[in-house]
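One letter stands for each residue in the lines below.
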Amino acid sequence: MKNKFHQMTFPKAVSLSLAAVVLCFSSAAAHAQSAKEAASSSVSNVSIEAYGELFAKATPVASHLSKVFVYRPNAVLAQQPVNIYLDGRYLTSLLKGGFTEFCAIPGAMSVQAVLDDASQQHLGKQEAGQRLQFDPGKTLFLRLQESAYAPTSLQVVTASTAQAEMKNSRRQIHTISRAKAVRECQDGVDASALASAPAALVAPKSSPERKFALEADALFEFGKADLRASGYNAIEILVHKVQSEYKSIESIRVVGYTDAIGPKKLNSKLSQARAVTVAEQIRAGGLNPSKGMQTEGRGASELVKTSCANAPTPKNKQCHAPNRRVEVTVLGARR
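Residues numbered from 1 in each chain as written. Predicted model: local features only at pLDDT ≥ 70, side-chain atom pairs only at ≥ 80, totals over all residues. Heavy atoms only, no water.

Some words on the environment of Ile173
Examined against the element boundaries, Ile173 turns out to sit in the loop between β10 (170–172) and β11 (182–183). For Ile173, a relative accessible area of 41% corresponds to the partly exposed category. Taking C-alpha positions, Ile173 is 5.7 Å from Tyr51, a pair spaced 122 residues apart along the chain. Apart from the residues lying within four places of it in its own chain, the contact partners of Ile173 are Glu49, Ala50, Tyr51 and Gly52. (Helix = DSSP H or I, 4+ residues; strand = E, 2+ residues; numbered from the N terminus. Buried < 20%, exposed > 50% of the residue type's maximum accessible area, 1.4 Å probe, protein only. Contact = heavy atoms within 4.5 Å.)

Examining the nonpolar core
Judged by nonpolar contacts, the single largest core of 24 residues is most densely connected at Leu219, Ile252, Val254, Val278, Ile282 and Val328. For this core, the elements supplying multiple residues, two or more each, are β12 (209–215), α3 (216–219), α4 (229–245), β13 (246–257), α5 (264–284) and β15 (325–334). Setting aside chain neighbours within four positions, we find Val328 in contact with Arg210, Lys211, Phe212, Leu214, Leu238, Ile252, Arg253, Val254, Val278 and Ile282. With 21 residues, the next largest nonpolar core counts Ile84, Leu132, Phe134 and Leu154 among its residues. (Core = buried A, V, L, I, M, F, W, Y, C linked by side-chain atoms within 4.5 Å.)

Overview of the side chain of Ser93
Residue position: Ser93 is located in strand β4 (residues 89–94). A distance of 2.7 Å separates polar atoms of two side chains, one belonging to Ser93 and the other to Tyr90. Among residues more than four places away in sequence, those in contact with Ser93 are Pro81, Val82, Asn83, Gln172, His174 and Thr175. (Polar contact = N/O pair within 3.5 Å; in protein donor to acceptor, adjacent residues only side chain to side chain.)

What to know about the pairing of β15
Moving residue by residue along a regular strand, the side chains alternate between the two faces of the sheet. The buried fraction of β15 amounts to 8 of the 10 residues, a majority that puts the element mostly inside the structure. Inspection of the sheet shows β12 paired to β15 by 7 bridges, in the antiparallel sense. Counted as the bridge partner of Phe212 is Val328 from β15. Note that β13 and β15 share 10 bridges and pair antiparallel. Counted as the bridge partner of Val254 is Val328 from β15. (Pairing = 2+ DSSP bridges.)

Remarks on the state of the cysteines
In the structure shown here, the tally under the stated rule is 2 disulfides. Paired through a disulfide, Cys103 and Cys185 show a sulfur-sulfur distance of 2.0 Å. Every disulfide takes its handedness from the sign of the S-S torsion; for Cys103 and Cys185 that torsion is 105°, giving right-handed. Of this pair, Cys103 sits in strand β5 (residues 98–104) while Cys185 sits in the loop between β11 and β12, and the two are 82 residues apart along the sequence. Cys185 sits in the partly exposed class, given a relative accessible area of 31%. (Disulfide = S-S within 2.5 Å.)

Side note on the packing of α4 against α5
Across the interface, α4 lies against α5 with an axial gap of 10 Å and an inter-helix angle of 55°. The angle between the axes of α4 and α5 places the two elements in the oblique class. Note that α4 runs across α5; the crossing there is right-handed. Touching Tyr232, Ile235, Leu238 and Val239 of α4 are Val278, Gln281 and Ile282, all from α5. Taken together, the residues that form the contact of α4 with α5 break down as 6 nonpolar, 1 polar and no charged. (Axes fitted to C-alpha atoms, helices over the stretch in contact; angles between N-to-C directions. Parallel < 35°, antiparallel > 145°, perpendicular 65-115°, else oblique. Left-handed = near helix turned anticlockwise from the far one by under 90°. Nonpolar A, V, L, I, M, F, W, Y, C, P; charged D, E, K, R; others polar.)

What follows is the structure in C-alpha cells.
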C-alpha cells in the first residue's frame, strides 16, 4: 500500500505568530542567561574585609564588667585561623596579626582556643579549654601561644607587654560572636584619676586572702593525678595572676576534691595526690610563700553539685564535673 504524505500549510498570520513566540522565548532565555552571568560576576566580586582598625589603647571598664583582649601575634607560622570559644560558644576566629576585644559578666569561664577548627568539624568547642577568672572592673590580656609540639593555648600577659605587642594588630571584624557571656562594653573610671581623689571616694583595699578554683577536668585525666597539657597552662595562668595581684605572699593552701564516684578511700587519696601535683607546679612557676604551702585532699566530702548519681557512667561523670576541682587559697599583701 502506497503511503501518501501531505504537506502541512499555515495561514500567513499564524506563521507570523509562531515566529513571534519563538523570538520571545529566545529573548527570555538570553535575558535569563545574562542575568545569571551578572549575578555570578557580582558574587565573585564580593569581598569580606577581615581586619578593622589598628589597636589604639585599652580604656578602663565599668566596675560591673570584665574586659578581655585576645590577640594573635603576626609572627606565627600557621595560616589557618584560631577559633575562640567561651564556655563552648563561638566568639571569633583570629588570623595572624588580629585581635578581639569583648566585655563579659565577671566570674570563671572556660575558654577554648582551637587552630583550624573547621577541619575538625568545629569540635574544638567541646574541649575542656582553660578555666579563666574574669574580675569585675579589670582588663585581662591573653596572647595566643602556638607550637608544633603542643596544642594552641592562651597566656596571660601584662598590660604593658600586650599593648607593646599589639602595636600593629588590627581588630578582627569578619565574624559575629555567638557567646552568651559577652556584654556591651561600658567605660569605667581611669585608676590614675583616683590618685588625687578625696580619701572618702577611694574604695578600701580588698581582702588579703583570695581563693582560686581550678576545674580538675582541665588539669587531669579522669581518675589520674598527672597533669595534662592544658593543666600546665591553667596553672601558669594562675601563677601570673597571683604575681600580678600580690606584692608579697604569706601562705598558699591547695585543697583537692573529687566526685562521689568510686570508693571513698580511693577518692581521698586521689584528691590529696592532685593537690600535691598542683602545689609542686605552683612552686615551680615561681611562687614561694614566706610561711610555706599546705596541701590537703578532701575527696568527695564537699560536693558543690549534689544531684548526680554515683554509678560510673559517662552521663554521671559529666554531671559530677563541677565537683572535681582543686582550690588554691592565697594569703598575702595585695598590690
